[in-house]
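The residues making up each chain are set out below.
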Amino acid sequence: MTVTIVGAQLGDEGKGGIVDVYGDAADIVVRYQGGDNAGHTVVHEGDEYKLSLVPSGAVRGKVGILGNGCVVNPETLFNELSGLRERGLDPDVRVARRAHVIMPYHRALDGIEEKAKSESDDEIGTTGRGIGPTYEDKAGRRGIRVGDLLAPDVLRDRLERVVPEKRAIVEDVFGVPVEDLDNPDALDVDAMYDHARTYGERLAGQTVNAGQFIADARSEGKRVMFEGAQGTIIDIDHGNYPFVTSSNPTAGGAAVGSGTSPGVVGQGEVLGIIKGYLTRVGSGPMPTELGGVEGDTPGYGEQGSGENEEIATYIREEGGEYGTVTGRPRRVAWLDMPMLRHSARVNGFTGLAINHIDVLAGLDEVKVGHSYTLDGEETMTMPATTEEWSRCEANLRSFDGWAAFDSAAVAEDGYEAIPDNARAYLEYVSEELDTPIYCVGVGPGREETVVAEDVW
Ligand code: IMP
């Protein structure tokens, strides 16, 4: 039995909290894509943990795995692990030998490429963690894998070919003198070899053949949870390209990125995580946008009315909508149903978790983008190109708002205790997506979740 957790929107749907709620009964929690771009906040026994790479299940004493689909910055990994140990936890995290390594030159290139694009307002607004350049090297068959860190000869050969190429790109393509970089050693073969070997030695005891490890655990009856990072609309294939991350957060990624068969993932539950409204940290269209963040909407800018800046500010402050990794204020929008219909189809959700219903409390009315108008025609799902998406106008539907409520009491009393108007809103979403609601987040703490269905 497996459970796969997938963000249905643009990331930041509160997946960490849901992994925390259902992860209690799991034995193993596997991340299958992304790297230290994934900010998740886990609240455990009153303490808040902010992680960007370590699977959130590791906070709760589960075996955490970074699957082959991940890109791993070993420096972040060891910093996060020692941070958890200092707070009295004993995290057990294994890393796939097939996962790719984020090297210092990837991080440098992420910054250089974004800066060059920003000169024509084309930047993606990446987290600057080197994610894109590392996946580029993976697809270009010149990446360094975790297993290579343990094989000195392979590592040296690879670096001797790759590092001079990166140096030439930095100097000749982008015209940036290497000595001007924050870390000029990123383009020095010997320095990169020493860096990689040092981390290789530290990692040696915790690497695994992840697909085999997971299969063995399953054959012993262990419960496996796949923890997606980011969200469907920033998936490299199904998202709003090019304003995407470079991996597959969608449910298919759970199979490919962990070495588990799609049949196994498909026989399990695929839980779609939805935030009761919508936020985004980077560039790109957002047809239901309430009000942008100045200077943070390059590319397409605001499509929403923008006149509702006050509501956007209310939601941003109530929901603490600032990036976990970067601290950037998030753009805020009403729920976007064409986006969610696309997401439900791509992932095959078997259940929904709808979060942050408490954040909307206190508004007179709550709206959703029910459909779009594109070139004079009504459309119910997201178009395939980002240029078309940027021309979509949202057709809004209005719901009566609900007053603030006692989250802990509602969580304890169950689904029926959720205010009537909020339930009408939730049920609309469930019916439109033809998917049952498994749980509802009514506050940031683990105990502030109304669990209507046990996924296991
Ligand atoms: P990258 O993943 O750093 O390359 O960034 C690519 C795009 O994905 C940017 O728009 C980022 O803001 C966005 N992104 C990456 N990780 C997350 C996340 O965990 N939550 C929300 N957005 C993210």
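On a predicted model such as this, the values are computed, not experimentally measured, just so you know. (Residues numbered from 1 in each chain as written. Predicted model: local features only at pLDDT ≥ 70, side-chain atom pairs only at ≥ 80, totals over all residues. Heavy atoms only, no water.)

S.K.: Explain the overall build of the protein chain here, please?
M.R.: Looking only at helices and strands, one finds 14 helices and 21 strands in the protein chain. By the compact-globule yardstick of 23 Å for 456 residues, the protein chain fits well, its C-alpha radius of gyration being 22 Å. Expressed as a percentage of the 456 residues in the protein chain, the buried residues total 58%. Put simply, 73% of the contacts in the protein chain that link residues at least 6 apart link residues at least 24 apart. Surface exposure of the protein chain reaches about 18,000 Å², of which carbon and sulfur atoms provide 43%. (Helix = DSSP H or I, 4+ residues; strand = E, 2+ residues; numbered from the N terminus. Rg over C-alpha atoms; globule rule 2.2 N^0.38 Å. Buried < 20%, exposed > 50% of the residue type's maximum accessible area, 1.4 Å probe, protein only. Contact = heavy atoms within 4.5 Å. Areas by Shrake-Rupley, 256 points an atom, 1.4 Å probe, with all protein chains shown as cover.)

S.K.: Help me out: how do you make sense of the packing of helix H2 (residues 74–86) against helix H6 (residues 189–203) in this one?
M.R.: Packed helices, taken two at a time, are described by the angle their axes make and the gap between the axes. It is the contact of H2 with H6, at a shortest axis distance of 10 Å, that shows an interaxial angle of 45°. By the criterion of interaxial angle, the relationship of H2 to H6 is oblique. The way H2 lies across H6 gives a crossing that is left-handed. On the side of H2, the interface is formed by Pro74, Glu75, Leu77 and Phe78, while H6 contributes His195, Tyr199, Arg202 and Leu203. (Axes fitted to C-alpha atoms, helices over the stretch in contact; angles between N-to-C directions. Parallel < 35°, antiparallel > 145°, perpendicular 65-115°, else oblique. Left-handed = near helix turned anticlockwise from the far one by under 90°.)

S.K.: I would appreciate a short explanation of the UniProt feature "binding site: Mg(2+)" (unreviewed entry) in the protein chain in the present structure.
M.R.: UniProt marks Asp12 and Gly39 with the feature "binding site: Mg(2+)" (unreviewed entry), using the numbering shown here. For this annotated set, covering 28 residues, all C-alpha atoms fall within 7.7 Å of each other, a compact arrangement in space. One can find Asp12 in the loop between strand E1 (2–7) and helix H1 (15–23). The residues touching Asp12, leaving out its near neighbours within four places in the chain, are Lys275, Thr279, Val281 and Arg330. Mapped onto the elements, Gly39 comes out in the loop between strand E2 (28–31) and strand E3 (40–44). Residue Gly39 is classed as partly exposed on the basis of its relative accessible area, which comes to 22%. Those residues in contact with Gly39 that sit more than four places away from it in its chain are Leu51, Ser52, Thr324 and Val325. (UniProt positions renumbered as here; feature names shortened; annotations may be inferred.)

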